[in-house]
Amino acid sequence: MKSRDATRRSFLGTGALAGAAWTACSAPEAEAPAEPDQPSSLGTPVSRYGQRSPHEKAARGVRESQTPEAASSRTPLDQTYGIITPSALHFERHHAGVPEIDPATHKLLVHGLVDRPMAFSVDDIKRLPSVSRVHFVECSGNSGGEWSPAGAPTVALSHGLASCSEWTGVPLRILLEEAGIQPEAKWILAEGADACLMQRSATLEKALEEGIVAYGQNGEAIRPEQGYPMRLILPGWEGNTNVKWLRRIKLTAGPQYVKDETSKYTELMEDGTAWIFTFEMDAKSVITAPSGGHMVDGPGFLEISGLAWSGRGKIRQAEVSTDAGQTWTEAELQTPVYSKAFTRFRLPWAWDGSETVLLSRCRDETGYLQPGRAELIEQRGRKSAYHCNRIKGWHIAADGSVTSAEV
């Protein structure tokens, strides 16, 4: 948390919190604040593409898996506001680097169990009826380090493989119905145009209900790292089913058990069996402020804020504990609340300066409640590296430093 000046801290420290509001009861007299600095020269001229202030330093951390091409970067969620992730800060996960694709020659082939195999150009797709929807994308390996008691030290490291955008494109149903869906078709196989030809199976039901072939993100063309010129969006499903650089969709009678859904993205159970096609991302929340690496500048009022999301639908409730889980308080949800999207929650809090642990948990519209670590291990064992959605805790020391807490 950024420092607050002494006058503001003194003023807020004398307030009484009632729900989400505070009222100042009394405050000592203080010197009038100095006038804001006056501009001394003309500002910079208009630019062709907007840039952020040089005083803002939010950036993604990058981790190579095996090579620079097989790597990931994480969204600094504790440095974002609201629910929309800036396109430049959207997390990345690549298996073979970012291809350079010319939209003038790129095509999307729809074939397999269809009446009329068809190849759609980018211009063909942009002529069709479009939609714009807000949805999160989350890598199924997000929060993988949270299987350990302490977990990762910052929000970016614990939850940064998730981001939320407004996606614009054509409902996949339109393309599939144009090609003519044969009765035997029950699944699709989506393939990307990267060097590894990333492939994932998905149910035809999901494709028809919610699938989008997206070419826009947050009001502009999708960036190369996010699948330019088009990608698949399957809202609420694990990240790599949302195939980037989309080049082919094949309709099939069943799943294809390709490399990218058998060698990985399966969950090993304690008895040696494995879960496969665990598509939906479970309800998850994390407090982003204050969080690991922050410093709370002394006792007094502050706002606890965080994000919650679920692959099953809308978030209905977010709760915060300021005493390590002994009691829970319902937080306010920022409206509107979208289905399968980030939801911002907020709770006003008067910190008394004593050591404590902050926790958050959420419930989605199906009634599913985010579990604690012990409960999650009881359900699924300790061998999985995916779909970890346990409650995350932040320890606030008496000096105001914030670190990951063992919960």
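Note on numbering: residues in each chain are counted from 1, in written sequence order. At least 70 in pLDDT is required for a residue's local features to be given in this predicted model, at least 80 for side-chain atom pairs to be given and counted, and no such filter applies to totals for whole chains, interfaces and linings, which use all residues. With hydrogens and water excluded, all non-hydrogen atoms of the structure serve as input to the side-chain values.

Student: What's the story with the domain arrangement of the protein chain in this structure? I'm lost.
Tutor: One frequent convention defines the size of an interface as the accessible area lost when the parts assemble. Under the domain assignment, the protein chain is made up of domain 1 (72–275) and domain 2 (284–404). Put simply, the middle of domain 1 and the middle of domain 2, counted by C-alpha atoms, are 27 Å apart. By definition in these notes, contact holds between two residues if any of their heavy atoms fall within 4.5 Å. The interface of domain 1 with domain 2 comprises 44 residues on the first partner and 37 residues on the second. In total, about 3,400 Å² of surface goes out of reach between domain 1 and domain 2, with carbon and sulfur atoms giving 56% of it. Two parts placed together each lose some accessible area under a 1.4 Å probe, and adding up what both lose gives the buried area. Among the residues of domain 1 in contact with domain 2, I83, W147 and E270 are the three that bury the most area, contributing 23% of the side total. Definition used for salt bridges: Asp or Glu carboxyl oxygen within 4 Å of a side-chain nitrogen of Lys or Arg. At the boundary of domain 1 with domain 2, the tally comes to five salt bridges. Between K284 and E138 there is a salt bridge; the shortest N-O distance is 2.6 Å. Distance and chemistry together define a polar contact, namely a pair of N or O atoms within 3.5 Å, with one atom able to donate a hydrogen and the other to accept it when in protein, and with adjacent residues in sequence counting only for side-chain atoms on both sides. The tally of links between domain 1 and domain 2 comes to 25 residue pairs in polar contact (both at pLDDT 80 or more). By the criteria applied, helices consist of DSSP H or I runs no shorter than four residues and strands consist of E runs no shorter than two, each listed in order from the N terminus. Of all the elements in the fold, those that place two or more residues in the side of domain 1 that touches domain 2 are β8 (131–138), α3 (155–159), β9 (162–171), α5 (204–210) and β16 (267–268). The dominant element in the side of domain 1 that touches domain 2, judged by the number of residues it contributes, is β8, at four residues. In this entry, domain limits derive from an automatic or database-based domain assignment.

Student: Help me understand the sheet that holds strand β11 (residues 199–203), please; the structure alone is not making it clear to me.
Tutor: Working definition: the strands of a sheet are paired by backbone hydrogen bonds and lie parallel or antiparallel to each other. Strands are treated as partners if at least two bridges between them are detected by DSSP. Reading across the sheet, the five strands line up as β7-β6-β15-β10-β11 and stay open at both edges, with mixed pairing between neighbours. Looking at which strands have only one partner, the edges of the open sheet turn out to be β7 (118–121) and β11. In this sheet, neighbouring strand axes are inclined to one another by 20° on average, regardless of whether the strands run parallel or antiparallel. In terms of strand pairing, strand β10 (residues 187–192) meets strand β15 (residues 246–252) through six bridges, oriented antiparallel. The axes are straight lines fitted to the C-alpha atoms, using for helices just the contacting stretch, and the angles between their N-to-C directions are given from 0 to 180°.

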